[in-house]
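What follows is the residue order along each chain.
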Amino acid sequence: MAGPDAPSFGDAPSLTDADAALVEDLLSGSHRALARVITKIENRTPGYRAIVSALHEHTGGADVIGVTGSPGAGKSTLVDKLAAAYRDRGDTVGVIAVDPSSPYTGGAVLGDRIRMGSNVGDMDVFFRSMSARGQLGGLSTATADAVKALDAFGKDVVVLETVGAGQNEVDVVRTADTVAVLVQPGSGDDVQTLKAGILEIGDVFVVNKADMDGAQRTVAELEEMVHRREGTTTARDAGHHGAASMASTDGAAGRRDGARSGGSGRDDPDAHDSGGDESWTPDVLETVANTGEGVEALIEAFDAHAAHLRESGEIEATERRRYAAEIRTLVRADVGGIATAEIERHGGIDRLAERVRDRETDPYAVAEAIVGPIADCVEAAADRDPDD
């Protein structure tokens, strides 16, 4: 609860009548409205912030799962089978695939349903490809907002599939409750060179294409890395390793009862420390996505991690960290936009750089000229009598 000196943040952005009707339609279960909202979010159409703000109070019901890993590991096929398995047990599913950006349009290169053949025609599986917008392997702010739209719509499970571009995959922790890192057999060199950031974000490690030669060796290498992480960086309790024994059997509705007070996500990478989850040891599982082998066990591991987050109280901490990261991101972007406009008012960055090169001024003086008026406005607002 906020203290007596907590600042007031006023009202949320105002919705236009058309956007208010769109939000109402989304909350009433219109897939068309959901698609339109996500398009507005992705394109950053004027008014999208008011829409996301209006949806925020309706979030907190979905389990958000990130699926990441190197290109070729079979992420898309596995996500397709995961969606089908969740549907078989009665859950509704939203899937966001963060694809490479087109160099021409900035949009997603891969089509929406090309890789989701098992679920075509099922209205309870909503699939959307979104552009990474130059953030290879990372989730853009638009993607995080799209997760909120799916959550507010009422999807039980939201699955995020990321591009697969190395260490940048750590961005997935900003939005996902549970992160699965996929590795394919025969990638021993890749396993050995996994960056610490990738290793730290995994709540479950998956050796996909486990029917291929080298699968057992890859499993062994991953297990060694997981336990090395336990002993040297996180001191995790090995007694919690048996994920299947913790799995809930009540489905997504049971997992949500009393479990959530807000959205989903994890730490700001600026302050990432293995997520603060000090008693969870990741499983290393095997799957064959083409046939669906191992998918049920993988879902049990996801359920187990969700149960652990609830029972340990870690879900509240991860939510706070995620919202802190989101606030920082939005504030930095907004202030940066104001500063960019101020730079243009002073003649543009090239003109300012030329003046510095000619020794007419220096970078610190330029920064002060740009930021000073902004800081003065902030200080004046802070000093203003709230009753005025």
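Description of the structure in this document. (Residues numbered from 1 in each chain as written. Predicted model: local features only at pLDDT ≥ 70, side-chain atom pairs only at ≥ 80, totals over all residues. Heavy atoms only, no water.)

Considerations on the sheet that holds strand β3 (residues 125–131)
Adjacent strands of a sheet pair through backbone hydrogen bonds, lying either parallel or antiparallel.
Move 1: Reading across from one edge, β3-β2-β4-β1-β5-β6-β7 is the order of the seven strands in this open sheet, with parallel pairing throughout. Because the sheet does not close on itself, it has two edges, and the strands there are β3 and β7 (283–286). Direction aside, neighbouring strands of the sheet carry axes that sit 20° apart on average.
Move 2: Bridge count between strand β1 (residues 63–69) and strand β4 (residues 157–161): five bridges; the pairing is parallel. Each bridged residue has a counterpart across the sheet, and for Val64 the counterpart in β4 is Val158.
Move 3: Docked against the sheet, helix α4 (residues 75–88) engages β1, β2 (93–99), β3, β4, β5 (178–183) and β6 (204–207), running at close to 155° with respect to β1. (Pairing = 2+ DSSP bridges. Helix = DSSP H or I, 4+ residues; strand = E, 2+ residues; numbered from the N terminus. Axes fitted to C-alpha atoms, helices over the stretch in contact; angles between N-to-C directions. Contact = heavy atoms within 4.5 Å.)

What to know about the pattern of salt bridges
Move 1: Within this structure, the stated rule accounts for 16 salt bridges.
Move 2: A salt bridge links Arg87 to Asp124; the nearest nitrogen and oxygen atoms lie 3.2 Å apart. Of this pair, Arg87 sits in helix α4 while Asp124 sits in the loop between β2 and β3, and the two are 37 residues apart along the sequence.
Move 3: A salt bridge links Arg357 to Asp358; the nearest nitrogen and oxygen atoms lie 3.4 Å apart.
Move 4: A relative accessible area of 37% means that Asp358 is categorised as partly exposed.
Move 5: A single salt-bridge network, built from bridges that share partners, covers Arg44, Asp145, Lys148, Arg322 and Glu326. (Salt bridge = Lys/Arg side-chain N within 4 Å of Asp/Glu carboxyl O. Buried < 20%, exposed > 50% of the residue type's maximum accessible area, 1.4 Å probe, protein only.)

Some remarks on unusual backbone geometry
Most peptide bonds adopt trans geometry, and most residues besides glycine take a negative phi value.
Move 1: If you check the backbone angles, Arg44 has positive phi at about 55° while not being a glycine.
Move 2: Positive phi, close to 65°, is recorded for Arg359, a residue that is not glycine.
Move 3: Within the element layout of this structure, Arg359 appears in the loop between α13 (349–357) and α14 (363–383).

A look at the packing of α4 against helix α11 (residues 295–312)
Move 1: Packing of α4 against α11 leaves a shortest axis separation of 10 Å and a crossing angle of 75°. Between α4 and α11, the angle is such that the two are roughly perpendicular. The residues of α11 that touch α4, namely those facing Leu78, Lys81, Leu82, Ala85 and Tyr86, are Val295, Glu296, Leu298, Ile299 and Phe302.
Move 2: Taken together, the residues that form the contact of α4 with α11 break down as eight nonpolar, no polar and two charged. (Parallel < 35°, antiparallel > 145°, perpendicular 65-115°, else oblique. Nonpolar A, V, L, I, M, F, W, Y, C, P; charged D, E, K, R; others polar.)

Just geometry here; none of it tells us what the structure is for.
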